[in-house]
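For reference, the chains in residue letters:
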Amino acid sequence: MKPATAGILGVAAAALAMEGVVRAGWVSPLVVAPPSALPEAFRRMWDEGFILHPALITLAQAFAATGAAAAIGIPWGYVLWRRPVLGEAYTPWIGAAFAAPTVLLFPLFLVLFGRGYATTIFVGFIAAAIPIVLKTREAFVAVPKVLLDVGRSFNLGEGGLVRRVAFPAAVPGIFTGLRLGLIYALVNIIGMEFLIDFGGLGRIASEMYFRFEIPGMYVAILLIVLVSWIFLAALTRLETWLRPR
Amino acid sequence: MLVVDNVTKRFATADGGVTALENLSLEVSKGRFVAVIGPSGCGKSTLFNIIGGLVEGYEGRVLIDGQPVDGVHRDVGMVFQEESTFPWLTTLENVAFPLDVAGVPKAERLERARALLRLVGLEGFESRYPAELSGGMRQRTAIARTLAFQPKLLLMDEPFGALDEQTRLLLGDQVLRIHRELQQTTLLITHSITEAVQLADEVVVMTYRPGCLKRLVRVDLPRPRDSAIVSSPEFGRLVAEVWSDLRAEASRGMQDIESHRKEEIS
Ligand SMILES: Nc1ncnc2c1ncn2[C@@H]1O[C@H](COP(=O)(O)OP(=O)(O)O)[C@@H](O)[C@H]1O
Ligand SMILES: [Mg+2]
């Protein structure tokens with residue numbers, strides 16, 4: 001069996017089990033929506049414009065937040081590697097910040113940026129930047145010394161050494177950071193949208209929640225899963241293009 | 001061609017410091033193949049890095065064609081002990097790498113890289129990545145890559161150290177063939193007596209820490225050679241001769257390491 005087939009079968013089995021549990025009356029359909037209710041909910045939400053547009057809004061925000069986090073986080077991680085003193089001084093702090101639930105600072109961000117995209121994107125940016133910085137530094141630290149020595153033995157200067165040896169060697173690790181960053185950005189952006197009832201899929205989930213439309217909430221959550229899947233797949237493409245192995 | 005003159009190197013460590021090399025001198029003349037042999041930890045890699053210009057802060061001098069070496073030298077090509085092929089480049093791109101760095105136009109560098117892959121017996125593997133090759137093939141890729149740099153002196157640090165004896169003998173044949181074709185001046189560092197005697201014109205035996213020259217054994221086996229030579233009586237005599245010198249050093253090294261273990265345990 002192919003992995004993709006196995007994956008789909010697994011999800012189908014889980015959906016079937018949920019359906020069975022609700023139909024059997026063990027759980028109220030008001031608490032757990034039966035999967036068979038989802039297509040209908042999806043159609044209704046599509047007609048109300050609750051699907052495509054919010055998904056695109058959330059995707060765009062996650063893209064902007066991760067992009068900004070990469071633009072700042074990758075050079076920052078690089079500096080923490082090149083200047084080991086800085087690396088040793090700041091890595092523990094950044095690691096600690098990683099564990100902090102930054103979303104809970106949302107009142108502060110609301111005051112600073114208002115109830116708008118600036119707030120949601122900023123929260124996503126912070127959440128994404130931390131793993132990107134940490135993983136970038138880790139990736140550079142893990143570059144085998146012998147590869148740098150090979151470059152030196154071919155008379156590569158410092159700049160060439162970074163560009164032609166250290167960076168390509170670090171690409172897989174950097175992409176681990178980007179993947180983590182993207183997931184954190186998405187989760188935090190959607191959480192923020194939910195909290196302040198603004199923006200894309202998080203707002204829809206919030207709206208469905210207030211309307212007590214449980215199937216609608218599930219549709220929104222499934223959409224979120226789909227959006228992150230699209231993004232991760234795109235990232236994998238980019239990685240194989242940058243570094244085929 | 002290469003002169004190592006009275007080189008001493010100390011490393012500062014937590015418990016005082018180690019003298020890795022002490023008053024070591026040796027010479028390699030043009031076109032010759034010299035092997036350096038010594039027990040593990042005797043300073044072979046340190047010597048390799050000093051000649052290659054990657055380690056500084058030593059006493060004594062290293063000269064290439066009469067010029068003192070200061071930092072990385074254009075005329076020295078290094079093949080490292082560790083896995084050193086670039087995993088993100090194909091075999092062909094790996095070999096072309098130093099040419100790319102030197103600014104050789106693409107068509108020319110790929111053509112030269114192809115010829116070198118043929119020389120090391122890797123024809124047909126041009127577009128494979130290192131992860132798809134065996135350890136011996138990766139090391140040959142590394143050798144071809146260093147040869148592409150066209151060094152006057154080829155320096156190799158236990159290039160086949162991680163491979164099994166049979167593979168090593170066969171790769172030795174390839175090294176002999178390359179040496180015959182290119183007349184490449186070579187300094188090979190090894191811990192294998194058979195490898196040293198199979199390949200070299202001269203074997204430099206080093207003492208265990210501090211590493212200095214114990215003896216120089218001339219290998220006057222006729223060239224061209226191949227691995228069949230290991231069965232000749234002359235080969236056996238030379239191996240025995242090198243071992244008689246090396247044995248005391250190797251056992252000293254072993255005792256040293258074991259006593260360190262004891263200290264660590266107690
Ligand atoms: N950078 C270093 N710092 C401290 N000690 C070192 C360093 N490099 C090598 N040594 C020590 O020098 C000795 C010789 O090492 P090395 O040249 O690697 O030996 P070999 O290659 O013959 O096994 C060893 O005892 C090793 O611990
Ligand atoms: Mg060594």
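Residues numbered from 1 in each chain as written. Chains lettered and ligands numbered in written order. Predicted model: local features only at pLDDT ≥ 70, side-chain atom pairs only at ≥ 80, totals over all residues. Heavy atoms only, no water.

Notes on the packing of aromatic side chains
Residue and element names in this part refer to chain A.
Here comes step 1: According to the stated counting rule, one finds 17 aromatic pairs over all chains in the structure shown.
Here comes step 2: Centre to centre, the rings of Y78 and F140 are 5.6 Å apart; their planes meet at 70°, and the pair counts as edge-to-face. Of this pair, Y78 sits in helix α3 (residues 52-82) while F140 sits in helix α6 (residues 117-141), placing them 62 residues apart in sequence.
Here comes step 3: Relative to Y209, the ring of F194 has its centre 5.8 Å away and its plane inclined at 55°; by these criteria the two rings are tilted. (Phe/Tyr/Trp six-rings, centres within 6.5 Å; stacked < 30°, edge-to-face > 60°. Helix = DSSP H or I, 4+ residues; strand = E, 2+ residues; numbered from the N terminus.)

Remarks on the layout of surface pockets
Here comes step 1: By volume, the largest pocket is sized at about 380 Å³.
Here comes step 2: Along its surface, the largest pocket is lined by 15 residues, and R164 of chain A together with W88, L89, E93 and D100 of chain B are the ones closest to its centre.
Here comes step 3: Of all the secondary-structure elements, those providing two or more residues to the lining of the largest pocket are α8 (158-196) of chain A together with α2 (91-101) and α3 (106-119) of chain B.
Here comes step 4: Among the elements that make up the lining of the largest pocket, the one with the highest residue count is α2 of chain B (4 residues).
Here comes step 5: Looking at the lining of the largest pocket residue by residue, the class counts come to 9 nonpolar, no polar and 6 charged.
Here comes step 6: Lining the second largest pocket are 17 residues; nearest its centre among them are L147, Q150, P151, L182 and Q184 of chain B.
Here comes step 7: Of all the secondary-structure elements, those providing two or more residues to the lining of the second largest pocket are α3, α4 (135-148) and α5 (165-182) of chain B.
Here comes step 8: A per-element tally of the lining of the second largest pocket places α3 of chain B first, with 4 residues.
Here comes step 9: Grouping the constituent residues of the lining of the second largest pocket by class yields 8 nonpolar, 4 polar and 5 charged.
Here comes step 10: Each of domain 1 (2-75 + 153-265) and domain 2 (85-150) of chain B accounts for three or more of the residues forming the lining of the second largest pocket. (1 Å grid on protein atoms, 1.4 Å probe; cavity = no way out; pocket = protein on both sides within 12 Å on 5 of 7 lines; lining within 4 Å. Points joined across faces, edges and corners; volume = space filled by probe spheres on them. Nonpolar A, V, L, I, M, F, W, Y, C, P; charged D, E, K, R; others polar. Domains from an automatic or database assignment.)

Concerning the domain arrangement of chain B
Bring the parts together and some accessible area is lost; that lost area is often taken as the interface size.
All names here are of chain B.
Here comes step 1: Split by domain assignment, chain B resolves into domain 1 (2-75 + 153-265) and domain 2 (85-150).
Here comes step 2: Inter-centroid distance (C-alpha atoms) of domain 1 to domain 2 is 25 Å.
Here comes step 3: Each partner contributes to the interface: domain 1 provides 13 residues, whereas domain 2 provides 12 residues.
Here comes step 4: Interface area lost by domain 1 to domain 2 is led by R74, L154 and I178, which between them contribute 36%.
Here comes step 5: The tally of links from domain 1 across to domain 2 stands at 0 salt bridges.
Here comes step 6: Across the contact surface, domain 1 and domain 2 share 3 residue pairs in polar contact (both at pLDDT 80 or more).
Here comes step 7: Per-element accounting of the side of domain 1 that touches domain 2 gives the leading share, 6 residues, to α5.
Here comes step 8: The residue inventory of the side of domain 1 that touches domain 2, partitioned by class, reads 8 nonpolar, 2 polar and 3 charged. (Contact = heavy atoms within 4.5 Å. Buried area = accessible area lost by both parts, 1.4 Å probe. Salt bridge = Lys/Arg side-chain N within 4 Å of Asp/Glu carboxyl O. Polar contact = N/O pair within 3.5 Å; in protein donor to acceptor, adjacent residues only side chain to side chain.)

Here we look at the interface of chain B and chain A
Here comes step 1: Opposite the 23 residues of chain B that make contact, chain A presents 16 residues.
Here comes step 2: Both faces considered, chain B and chain A share a buried interface measuring about 1800 Å² in area, 72% of it formed by carbon and sulfur atoms.
Here comes step 3: It is W88, F97 and V101 of chain B that lose the most area in chain B upon contact with chain A, and together they represent 31% of the buried surface on that side.
Here comes step 4: Across the chain B-chain A interface, the total number found is 1 salt bridge.
Here comes step 5: For the pair chain B and chain A, the interface holds 1 residue pair in polar contact (both at pLDDT 80 or more).
Here comes step 6: For the side of chain B that touches chain A, the element with the most residues is α2 of chain B, which contributes 4 residues.
Here comes step 7: Split into classes, the residues belonging to the side of chain B that touches chain A amount to 13 nonpolar, 4 polar and 6 charged.

Comments concerning the site of ligand 1
Residue and element names in this part refer to chain B.
Here comes step 1: Neighbouring ligand 1 are F11, T13, V18, A20, S40, G41, C42, G43, K44, S45, T46 and R209.
Here comes step 2: At 3.2 Å from an oxygen atom of ligand 1 is found a main-chain nitrogen or oxygen belonging to C42.
Here comes step 3: The separation between an oxygen atom of ligand 1 and a polar side-chain atom of S45 is 2.8 Å.
Here comes step 4: Bound to the protein, ligand 1 loses 65% of the 560 Å² it would expose on its own.
Here comes step 5: Secondary-structure elements contributing two or more residues to the shell around ligand 1 are β2 (18-28) and α1 (44-51).
Here comes step 6: Ranked by residues supplied to the shell around ligand 1, first place goes to α1 with 3 residues.
Here comes step 7: A class-by-class count of the residues in the shell around ligand 1 yields 4 nonpolar, 6 polar and 2 charged. (Near = heavy atom within 4 Å. Areas by Shrake-Rupley, 256 points an atom, 1.4 Å probe, with all protein chains shown as cover.)

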